[in-house]
Amino acid sequence: MAAQQGDVLLDVEGLSKSYGAVRALEQVSVRVRKGSVHAVVGENGAGKSTLIKIISGAERADAGTLRFAGEPVTVPGTNQAMDLGIATVYQEPQLFADLTVAENIFLGREIRRGGRIDWRAQAERVQTLLDELGLPRHYARRQVGELSVAAKQQVSIAKAMAREARLLILDEPSAILTDNEIEILFDLVRRLVQRGVAVIYISHRLDELFRITDTVTVMRDGQVVGTFGTEDLSVRQIAELMVGHELDNGRTHRDPPAGEPMLSLRGLGRGEAFRDVDVDVAAGEIVALYGLVGSGADEIAATLYGIKPATAGSITIGGTPARIRSPRDAQRHRLAMLPADRKQHGVFAIQDVAFNITTGHARGFRRFGFLMDRARENRVVRELMERLAVKAPGPHTPVDALSGGNQQKVVLARQLVDRPSVLVLEEPTQGVDVGAKEEIHRLVADLAAQGTAVLVVTADLPEALRVADRIVVVRQGTTTVEFDPGARQADVLAAAAGELSQEGAG
Amino acid sequence: MTALDERPRTPRRGPTGALGGRITGQELVLIGVIAGLWLVLGLATDTFFQAGTLGNLAYVVAPIALVGIGMTVVIASGGIDVSVGSAVTVVTVIVAKLVRDQGASFAVALLVAVGAGALLGLTNGLLISLGRVHAIIITFGTLNLFRFIALRIFDSEQVAGVPGTLAFLGGGGAGRTWNVPHAFLLMLLLAAITWWFMRNTPSGRHYYAMGGDRAAARLAGVNVRRQEILAYVLTGVLVGLASTVIIGGGGLIGQNVGVGMELQVIAAVVIGGTSIMGGRGTVLGTVLGALLVGTVSSGVTILHWPSQLTSLFVGVFILVAVGTDVLRERARRRA
Amino acid sequence: MSTTRTGQAPGRAGSVPARLLRALVTQRLVLLVVLLAGLIVVMKLLENGGYLLAPYSSDYLAAALIDAVPLGLLALAELVVIVSGRGGIDLSVGSMVSLTGMTFGFAVGQWGWPLLPAALLALLAGGLLGAVNGFFVAALGFPPLITTLATYYAYSSLALVSNGSAPISTPRIQELTWLTQPVELPLFGRYVPDFPMGLFLFALPVIVLLWLNVTRGTYGRQLYAIGTNDTAGRYAGVPVAWVRFRAYLVSGLICGLVAIVNVSQFASARPDAGTAGNGMALPAITIAVLGGVAITGGIGRVVGVVVATVLVVWLNAGILLSFEGSEGSQYQLLALGGVLVFAAVLNGFATRRYGGTS
């Protein structure tokens, strides 16, 4: 069993949490020991993030107890968690770009001497801290805005340690890092552990668990499946535990068409984000581009749609080479995309449903050269609302009055106004309820049946297996193996999560 | 860029302890441009380096730079105050009438000026902070309200025959020592104090944090509201001092005093390198920005060019300053 | 945009007074119309009580509308620019009016151009100046507040330098006053007051054109889209920079028109026409905000701004009748400032209490 380094630092007992009718956590118990790097793994929606939110004071549990260093504690807010010595480092570090690293570390708790900041004392403290953590000393005086993402993450960790954190929660720290940067992160984590700090390490990349963690807690459907010593498991075993017994994934049988590819990517690459991506999607076919967070799958989608243009390789649509440098180029080639970030990239929140559906299709609704054809707009909008089963009082309801699932359908409807020949869906069911998820999956199948080439870019494995005719795994910025939808979840997951010597399984 | 860029680098700002951190790149450029202009003007004319010309330049710059000190704090912390011109009108007419009609002493006049300015600033601060409305809208409103108050006090007449009670801060002989206007020295003193404050105190640093990310600053324990209100009060106090400088030797105070001054102040702040988005900016830069604008104005005059050309140059300088800021932001985002 | 919020905020249920309050707070048009009606009632009462210097008559109100033409047009220009988002604002409208007015003045008064070509030249000049703003803001990504502050300076300087700070007021320019003077309407003109010519020549065409384009047109759809969510606009395939550029271009064109109105109204092309005193930009922005335009972009209606203009102009006209001498113009400042702060605080309240204004 788990390596028993030391005393239990954090003892979570019987934690439960519901959001409305959804049970996010059910009777979760975890023990984290001093000086241990404790991985928490699970698929999306398994309850990992709810668990860390409760531990770090961002959410409150419905039931259950927390004991920290032997004492029962309540964590009503993030500041109280910090006072206890529980610090969380998120993927997007909350730092002030125009202040120096030293200032960021001490913001709000400056060392003062006679009303002014004692720069010397602060600098010394920071230098000592950086030395202890094995980080370069010159960081102290740099402005955070000048640092790389990886360096900012290191600064966030240093900031937590400056507040004497005893438990550090790292939320998918490696997703945004290159291999080199991950090495540096691991060195840093090892130093923390030597100082007796406990680390909760959230990650999707299972291979790295073996290099840095000693204990693994596997979660599934809001429950703890089990806690194990890392060395007792393999990538494959962890994947099996995460997935559980194979369920019938509700897939309806489809006959995938085998025609000429409608969308064809050859050697596509962009800077350091991804390279050598080869994918074909035939008309009427649904292909899933499955990759974990940080795999580069989302970057491929952004490039296909012209948000961040490619620097290498080619995109061919319907047999003709396409040079896509903006979303408008993509539209001209009849390629539409549903973006993953609904709030930032999708909806026009204060505007109504009709506005949200027809915006971007000015040409199709133009009358007398400049007027909106409101009759036609109304017709098209009503048609699409019906087809997508958008639950809204009418086309003139503000979109932010709708549920997440219905908002997603509205944004999806926008992609269908011009009948695209290629449809890219990025995380199409993120943050939508189960019913809407079903409907969106059915809709995607319908669209394909009508001859659209569909590329689903997703980090949600059951979704990939359920909707796709083929699953292409993206790992470390390139396409790797391919599975057919009959594949076992654990196999696909293991391939994406870094099991080595993986041959195309079936 | 890789994670560990070991290249040693001169830090850009103060809290670094290094001498190189005391002056920013933009400030160096400004010093260079001002020095260059002075050199050209000195060579092109016989009069520029006469003490009188430079003294006048310093006196004209003083009120703009004084208010600019407060405006720097306001803009760096993510706000803006377009009511300062009207606030100057209010304080000026109050104090001018006070010294003329009540025979108020220098000390009383100064005290009333500072108090009245602070009150106007407090009004702005409270409305912005409690009303939770964008600063530009509120201060557009108070711009009109303050002007109304000022015109009521003017009572449809200019204030003529103001005695020289405040001449010590004025542009005349009584306001200068060795031809250096006391107003300019006062401005330098306050600029130095504020510069030090913004650089070296927790509260000063918190203004930059607020301008960078208000919500995160609040989470880090910064008392955002108190800081915000104080910034507007500080600006009001400086408005009060600027008003006493404008009254100076007395004489005639017209109803147009202060009108449009907010734009000159904001121009000086922006040319000085303060980002209108907040989070970045120094008082030293603002003083240099005001000095640059004053130099251009003075140069246009002694070259006998149409004085209205000054605005054209100011406009171009603003665009250049903003252009460098935009480019720097882009370069940073790409890094 | 005509988004009526159908049941999602608190305070929806409830008594008639509660719903009235809600309508007043969240629907700017309702508030403006109520204020306008209240204003007329109060002024009529004052008139009957003998407190006014002259009757607050329909003839007086109609004549006062000539002030609404430049004010309303510039407020509409601010509407387009502010709605375009990303901190959209145009501080340079006053100096654009000055500079295009001088251009127009030169063309008519000194070069002897006929009215029509000269008017076209003024529009062209306005469009060019607006395009400069649009280029910096939309293509280069400069912050609008500072960009238009810079061009405010540059344009006003050029206007002043163009004729050595002197106005152009030749007889040919003085002949243009018919453009803005009151006229009797044909057919039923005897039964209604005489309205200023400028209303029909300038204000109505612009209002109709803007309403068609912004409220009913495909351009407006794109404009509100980028103002609401710039990034989502890009993802939806809206040509973001081009749409925003055109907003500033429209602002410049409107300034060209206002310049013609201004020159004919005062029978003189003055180089400080739009910048004297507090300038024209501040009242224009104030009216836009009062009309329901949100400074954050994406919200604001043409009708709201038009009604807000009429409200402010008639309020000003009433104030002029209520005070002797220059006191009236002073109280106009109080009204403008007070109304703006009130509207802004109300917007903030509406957002927190009901989730927004429409």
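Within every chain, residues take consecutive numbers counted from 1 along the sequence as written. Just so you know, chain letters begin at A and ligand numbers begin at 1, following the order they were written in. Only residues with pLDDT of 70 or above have their local features reported here, since the model is predicted, and side-chain atom pairs are shown and tallied only from 80 upward, although totals for entire chains, interfaces and linings are computed over all residues.

**Student:** I tried to follow the overall build of chain C on my own but got confused; where do I start?
**Tutor:** Every helix listed is a DSSP run of H or I at least four residues long, and every strand listed is a run of E at least two residues long, numbered separately from the N terminus. Within chain C, the secondary structure is distributed over 14 helices and two strands. Within these notes, the globule rule equals 2.2 Å times the number of residues to the 0.38 power, and the radius of gyration is based on C-alpha atoms. Rg of the C-alpha trace for chain C: 21 Å, near the compact-globule value of 21 Å for 358 residues, within the 12% margin. Seen through its principal axes, chain C has C-alpha atoms that stretch 65 × 60 × 40 Å. Residues classed as buried in chain C amount to 55% of the 358 residues present. The contacts in chain C between residues at least 6 apart in sequence include a share of 76% that link residues at least 24 apart. Counting other C-beta atoms within 10 Å of its own, a residue is labelled buried from 20 upward, exposed at 12 or fewer, and partly exposed in the gap between, with every C-beta atom placed from the backbone. Here, residues touch in the contact sense if the C-beta positions derived from the backbone fall within 7 Å of one another.

**Student:** Explain the overall build of chain B here, please?
**Tutor:** A tally of regular secondary structure across chain B gives twelve helices and four strands. A globule of 335 residues ought to have a C-alpha radius of gyration of about 20 Å, and chain B, at 20 Å, matches this closely. Counting only C-alpha atoms and orienting by the principal axes, one finds that chain B spans roughly 70 × 55 × 35 Å. Considering only intrachain contacts with a sequence separation of at least 6, the fraction spanning at least 24 residues in chain B is 78%.

**Student:** I keep staring at the interface of chain C and chain B and nothing clicks. Help me out?
**Tutor:** How big an interface is tends to be stated in terms of accessible area lost as the parts join. Opposite the 42 residues of chain C that make contact, chain B presents 38 residues. Contributions of two or more residues to the side of chain C that touches chain B are made by helix H6 (144-162), helix H12 (281-290) and helix H14 (327-354) of chain C.

**Student:** Could you clarify how one ought to interpret the sheet that holds strand E9 (residues 167-171) of chain A in this entry?
**Tutor:** The strands making up a sheet associate through backbone hydrogen bonding, with each pair oriented either parallel or antiparallel. Residue and element names in this part refer to chain A. Strands qualify as paired when DSSP identifies two bridges or more between them. With respect to topology, six strands assemble into an open sheet ordered E6-E9-E10-E3-E11-E12, the strand pairing being mixed. The strands lining the two open edges of the sheet, one partner per strand, are strand E6 (86-89) and strand E12 (223-229). Each strand axis lies, on average, 20 degrees off the axis of its neighbour in the sheet, ignoring direction. Of the pairings in the sheet, the one linking E6 to E9 comprises four bridges and is parallel in character. Helix axes use the C-alpha atoms of the stretch in contact, all axes being lines fitted to C-alpha atoms, and the angles between their N-to-C directions lie in the range 0 to 180 degrees.

**Student:** What exactly am I supposed to notice about the nonpolar core here?
**Tutor:** Soluble, globular proteins show a tendency: their nonpolar side chains are buried together. In this structure, A:Leu168, A:Leu289 and B:Ile318 are the most contacted members of the largest nonpolar core, which totals 394 residues. Excluding residues that lie within four positions of it along the chain, A:Leu289 makes contacts with A:Val279, A:Ala297, A:Ile300, A:Leu455, A:Val456, A:Val457, A:Val472 and A:Val474. Structurally, a nonpolar core is described as a collection of buried Ala, Val, Leu, Ile, Met, Phe, Trp, Tyr and Cys residues joined by way of C-beta atoms within 7 Å.

**Student:** Help me understand the pairing of strand E24 (residues 478-483) of chain A in this model?
**Tutor:** Sheet faces and side chains relate simply in a regular strand, where the side chains alternate between the two faces. All names here are of chain A. Two strands pair when backbone bridges link them, and strand E23 (residues 470-475) and E24 are joined in this way by four bridges, in the antiparallel orientation. Following the sheet pairing, Val 474 is matched in E24 by Thr 479. The turn joining E23 and E24, which pair antiparallel and follow one another in sequence, is formed by two residues; a positive phi near 50 degrees is taken by Gln 476.

**Student:** What is the right way to read the confidence of the model for chain B from this model?
**Tutor:** Low-pLDDT portions of the prediction should not be read for the details of their coordinates. Residues and elements named next belong to chain B. Confidence of the predictor in every single residue is expressed as pLDDT, which spans 0 to 100. Model confidence for chain B is summarised by a mean pLDDT of 86, while 93% of its residues fall at 70 or above. The spread of mean pLDDT over the elements of chain B runs between helix H12 (residues 309-334), the lowest at 84, and helix H9 (residues 224-247), the highest at 95. Counting interchain partners and residues more than four positions distant, the pLDDT-below-50 stretch residues 1-14 has 29 contacts.

**Student:** Looking at this structure, I do not really get the environment of C:Val305. What am I missing?
**Tutor:** Residues and elements named next belong to chain C. In this fold, Val 305 is placed in helix H13 (residues 302-322). For Val 305, a count of 29 C-beta atoms within 10 Å corresponds to the buried category. Residues Val 305 and Phe 202 lie 103 residues apart in sequence; the distance between their C-alpha atoms is 16 Å. Those residues in contact with Val 305 that lie beyond four places of it in its chain are Ala 75, Leu 76, Leu 79, Ile 287, Ala 288, Gly 291 and Val 293.

**Student:** Looking at this structure, I do not really get the environment of A:Arg419. What am I missing?
**Tutor:** All names here are of chain A. Following the sequence through the fold, Arg 419 ends up in the loop between helix H14 (404-416) and strand E21 (422-426). A count of 13 C-beta atoms within 10 Å places Arg 419 in the partly exposed class. Along the chain, Arg 419 and Leu 335 lie 84 residues apart, while their C-alpha atoms are 9.2 Å from each other.

**Student:** Is there a simple way to explain the confidence of the model for chain C in this structure?
**Tutor:** Residue and element names in this part refer to chain C. On average, residues of chain C score 87 in pLDDT, and 93% of them reach the 70 mark or higher. When mean pLDDT is compared element by element in chain C, helix H5 (residues 115-139) scores highest at 96, while strand E1 (residues 182-183) scores lowest at 76. Considering only residues more than four positions removed or in separate chains, one finds that residues 1-12, a stretch of pLDDT under 50, has 23 contacts. At the level of chain-chain contacts, confidence expressed as ipTM amounts to 0.85, with global pTM at 0.87.

**Student:** Sorry, what's going on with the packing of helix H3 (residues 84-102) of chain B against H9(B) here?
**Tutor:** A pair of packed helices is captured by two measures, namely the crossing angle of their axes and the spacing between those axes. Residues and elements named next belong to chain B. Running from amino to carboxyl end, H3 crosses H9 at an angle of 55 degrees, the nearest separation of the two axes being 8 Å. By the angle between their directions, the pair H3 and H9 is classed as oblique. In terms of crossing hand, the pair formed by H3 and H9 is right-handed. Residues Val 84, Ala 87, Val 88, Val 91, Thr 92, Val 95 and Ala 96 of H3 form the contact with H9, whose participating residues are Thr 235, Gly 236, Val 239, Gly 240, Ala 242, Ser 243, Thr 244, Ile 246 and Ile 247. Think of it as three bins: nonpolar holds Ala, Val, Leu, Ile, Met, Phe, Trp, Tyr, Cys and Pro, charged holds Asp, Glu, Lys and Arg, and polar takes everything else, Gly as well. A per-class count over the contact of H3 with H9 returns ten nonpolar, six polar and no charged. Between 65 and 115 degrees an angle is taken as roughly perpendicular, under 35 as roughly parallel, over 145 as roughly antiparallel, and anywhere else as oblique. Should the near helix be turned anticlockwise from the far one by less than a right angle, the crossing is left-handed, and should it be turned clockwise, the crossing is right-handed.

**Student:** Would you take a moment to explain the sheet that holds strand E14 (residues 274-282) of chain A for this structure?
**Tutor:** Residues and elements named next belong to chain A. What the four strands build is an open sheet, ordered E14-E13-E16-E17; its pairing is antiparallel. Taken across any chain shown, the strands that pair with only one partner, and hence form the sheet edges, are E14 and strand E17 (320-322). Averaged over all pairs of adjacent strands, the angle between their axes in this sheet comes to 25 degrees, without regard to strand direction. Sheet topology note: the strand E13 (residues 261-270)/strand E16 (residues 312-317) ladder contains five bridges and is antiparallel.

**Student:** What's the story with helix H4 (residues 93-110) of chain C in this structure? I'm lost.
**Tutor:** Quick reminder: α-helices carry 3.6 residues per turn. Residues three or four places apart thus point the same way. All names here are of chain C. A helix is expected to span 1.5 Å multiplied by its residue count minus one. For H4, which comprises 18 residues, the first-to-last C-alpha distance of 25 Å matches the rise-based estimate of 26 Å (1.5 Å per residue) to within 8%. Counting buried positions along H4 gives 16 out of 18 residues, so the element sits mostly inside the fold. Among the residues trailing H4, Gly 112 stands out with phi positive, at a value near 70 degrees.

**Student:** Could you clarify how one ought to interpret the packing of helix H3 (residues 58-83) of chain C against helix H8 (residues 197-215) of chain C in this entry?
**Tutor:** Residue and element names in this part refer to chain C. With their axes 10 Å apart at the nearest point, H3 and H8 run at an angle of 25 degrees to one another. Taken together, the axis directions place H3 and H8 in an arrangement best described as roughly parallel. Along this stretch, H3 crosses H8, giving a crossing that reads as left-handed. Note on element contacts: H8 touches H3 through Gly 198, Leu 199, Phe 202, Ala 203, Val 206, Leu 210 and Val 214, opposite Leu 65, Ile 66, Val 69, Gly 72, Leu 73, Leu 76 and Val 80. Its residues assigned to classes, the contact of H3 with H8 shows twelve nonpolar, two polar and no charged.

**Student:** Would you mind going over unusual backbone geometry with me for this structure?
**Tutor:** Apart from glycine, the bulk of residues carry a negative phi angle, and the bulk of peptide bonds sit in the trans form. Residues and elements named next belong to chain C. At Ser 165, a position not held by glycine, the phi torsion is positive, near 65 degrees. Within the fold, Ser 165 resides in the loop between H6 and helix H7 (171-174). When the 14 C-beta atoms within 10 Å are taken as the criterion, Ser 165 is described as partly exposed.

**Student:** Help me out: how do you make sense of the environment of C:Leu124 in this one?
**Tutor:** All names here are of chain C. Relative to the assigned elements, Leu 124 resides in helix H5. Owing to 15 C-beta atoms within 10 Å, Leu 124 belongs among the partly exposed residues under this scheme. Linking Leu 124 and Val 238, residues 114 residues apart in sequence, is a C-alpha distance of 27 Å.

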